[in-house]
Amino acid sequence: MATSIVTSIGLKSLPLVAQGKVREIYEASDSSLLLVTSDRISAYDVILENGVQDKGTVLTLLTNHWLNTVLPEHIPGLKHHLLSLNIPSTLNVSPEERQRLRGRSMVVNKYRVFPIEAIVRGYITGSSWAEYKQKGTVHGLPQPGGLEQCQAFPSGPIYTPSTKAPVGGKDENITPEHARQIVGDKYADKIENLALAIYKAAHAYALERGIIVADTKFEFGLDEETDEVVLIDEVLTPDSSRFWPAADYAQGRDQKSFDKQYLRDWLTGQGLKGKEGVSMTEDVQARTSAKYLEAFQRLTGETLDQALAKLEQ
Ligand SMILES: Nc1ncnc2c1ncn2[C@@H]1O[C@H](COP(=O)(O)OP(=O)(O)OP(=O)(O)O)[C@@H](O)[C@H]1O
Ligand SMILES: [Mg+2]
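Because the structure is predicted, anything quoted here is derived from the model rather than measured.

Here we come to the overall build of the protein chain. When you go through the protein chain residue by residue, the secondary structure sums to 8 helices and 16 strands. Here the C-alpha atoms of the protein chain give a radius of gyration of 19 Å, agreeing with the 20 Å that 2.2 N^0.38 yields for 313 residues. Scored against the burial criterion, the 313 residues of the protein chain give a buried share of 52%. When the accessible surface of the protein chain is totalled, it reaches about 14,500 Å², and 48% of it is carbon and sulfur.

Below is the structure:
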């Protein structure tokens, strides 16, 4: 798709509610938001100066695929926030802005966000591997001895929540018990059970397509009218999850990141790891974009262009 790389959304016509590392969130109405995903990319906690072609569209249309195609089949009755991928004609958005938003924006119901990240881990890696090596626990939960790096948890995936830090802050790993105190008894089990059920369904689905979803982070909101727990935010994307190529998987060592490996290797090789103000070369941009597109195609069974063609013009 010969669209340009969008590193800033900057809508003039709607009030900006918040801006994250990758998304800009606008008010669409009293009860809905417009979540827009840019092509910005971070590695080693730093945002690169230039973006990755098609990344925002991949994240948006992949979230849509999980929410509207895969998950309803496996989790009957699952409530989610996504209303539309199209911009309502009632919104005062210019034709040029509409073009910039195409395929990268979601109109969603606005909910009261539970202030935790509902993380599910199928494999021991990253911060949980570091904690286990030091203390034998993961988010404070005792684990069996002798686990190897990147091994699947022997008793199945575990629910390992974290706090949800305000913009710029760092999330902190917590026990499920601590999460229960934050969200309240009434909702704690519901959130945990939904997170585990969604992860398990997604893991099985992705594995059939050559991708291991090693872990992932969900967010949930509360529908205050019906008292229901609702799945919100981006869902099961390479930004909210660790995707590993199943063909290269072996426990006892680090895994290749499905999407950011080339970028990370390049940053490290150039001595740029963790530095601010870095721009990717065209080659790094192109290879990274190709990996996002490959993940999209493997998981959805269609090319990004095919998915884009189904949207309203
Ligand atoms: N349906 C919804 N109702 C209310 N808030 C939502 C909804 N869906 C997502 N959000 C919120 O929108 C934000 C998404 O923005 P984004 O991913 O850019 O921010 P972030 O993850 O908090 O920060 P960063 O990506 O910079 O670490 C999150 O704070 C999320 O909680
Ligand atoms: Mg986010």
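Pairing between the strands of a sheet is mediated by backbone hydrogen bonds and can be parallel or antiparallel. Taken together, the 5 strands give an open sheet; going across it, the order is E1-E2-E3-E7-E6, and neighbouring strands pair in antiparallel fashion. At either end of the open sheet lies a strand with only one pairing partner, and these are strand E1 (16–19) and strand E6 (82–84). In this sheet, neighbouring strand axes are inclined to one another by 30° on average, regardless of whether the strands run parallel or antiparallel. As paired strands, strand E2 (residues 23–29) and strand E3 (residues 32–37) are joined by 6 bridges and run antiparallel to one another. Paired with Ile25 across the two strands is Leu35, which belongs to E3.

This part covers the pattern of salt bridges. In this structure the tally under the stated criterion is 21 salt bridges. Residues Arg104 and Asp39 are paired through a salt bridge, measuring 3.0 Å at the closest nitrogen-oxygen approach. You can see Arg104 sitting in the loop between helix H2 (95–101) and strand E7 (105–109) and its partner Asp39 sitting in the loop between E3 and strand E4 (42–43), a full 65 residues away along the chain. Ionic pairing is found between Arg180 and Asp185, a salt bridge with its closest N-O pair at 3.2 Å. In this structure Asp185 comes out as exposed when scored by relative accessible area, which is 56%. Salt bridges here are not isolated pairs; linked through shared partners, they connect Lys164, Lys217, Glu219 and Asp233.

Here we take up the environment of Ala118. Residue placement: Ala118 occurs in strand E9 (residues 116–121). As for Ala118 and Phe220, which are separated by 102 residues in sequence, their C-alpha atoms are 7.7 Å apart. If we skip the residues at most four places from it in the chain, Ala118 touches Tyr159, Ile191, Ala195, Thr216, Lys217, Phe218 and Phe220.

To continue, consider the site of ligand 1. Every one of the 16 residues lining ligand 1 counts as a neighbour, but Lys21, His81, Asn109, Lys164 and Glu219 are closest to it. Between ligand 1 and Asn109, the relevant distance is 2.8 Å, taken from a nitrogen atom to a main-chain nitrogen or oxygen of the residue. Take Asp233: an N or O atom from its main chain is 3.2 Å from a nitrogen atom of ligand 1. Protein coverage of the free-state accessible area of ligand 1, which is 620 Å², stands at 80%.

Core analysis: the biggest nonpolar cluster contains 72 residues, and Trp66, Ile191, Ile198, Phe218, Phe220, Leu231 and Leu263 have the highest contact counts within it. Considering each element in turn, this core owes the most residues, 12 residues, to helix H5 (residues 185–207). Contacts of Ile198, omitting those with residues within four sequence positions, involve Leu71, Ile75, Leu78, Phe218, Phe220, Leu231 and Leu236. Membership of the second largest hydrophobic core comes to 13 residues, among which are Leu11, Tyr26, Leu34 and Ile87.

With that out of the way, let us pick up the UniProt feature "domain: SAICAR synthetase/ADE2 N-terminal" (unreviewed entry) in the protein chain. Listed under "domain: SAICAR synthetase/ADE2 N-terminal" (unreviewed entry) in the UniProt record, and renumbered for this structure, are residues 17–278. As a span, residues 17–278 carries 29% helix and 26% strand, and end to end its C-alpha atoms are 28 Å apart.

So, how was this worked out
Residues numbered from 1 in each chain as written. Chains lettered and ligands numbered in written order. Predicted model: local features only at pLDDT ≥ 70, side-chain atom pairs only at ≥ 80, totals over all residues. Heavy atoms only, no water. Helix = DSSP H or I, 4+ residues; strand = E, 2+ residues; numbered from the N terminus. Rg over C-alpha atoms; globule rule 2.2 N^0.38 Å. Buried < 20%, exposed > 50% of the residue type's maximum accessible area, 1.4 Å probe, protein only. Areas by Shrake-Rupley, 256 points an atom, 1.4 Å probe, with all protein chains shown as cover. Pairing = 2+ DSSP bridges. Axes fitted to C-alpha atoms, helices over the stretch in contact; angles between N-to-C directions. Salt bridge = Lys/Arg side-chain N within 4 Å of Asp/Glu carboxyl O. Contact = heavy atoms within 4.5 Å. Near = heavy atom within 4 Å. Polar contact = N/O pair within 3.5 Å; in protein donor to acceptor, adjacent residues only side chain to side chain. Core = buried A, V, L, I, M, F, W, Y, C linked by side-chain atoms within 4.5 Å. UniProt positions renumbered as here; feature names shortened; annotations may be inferred.

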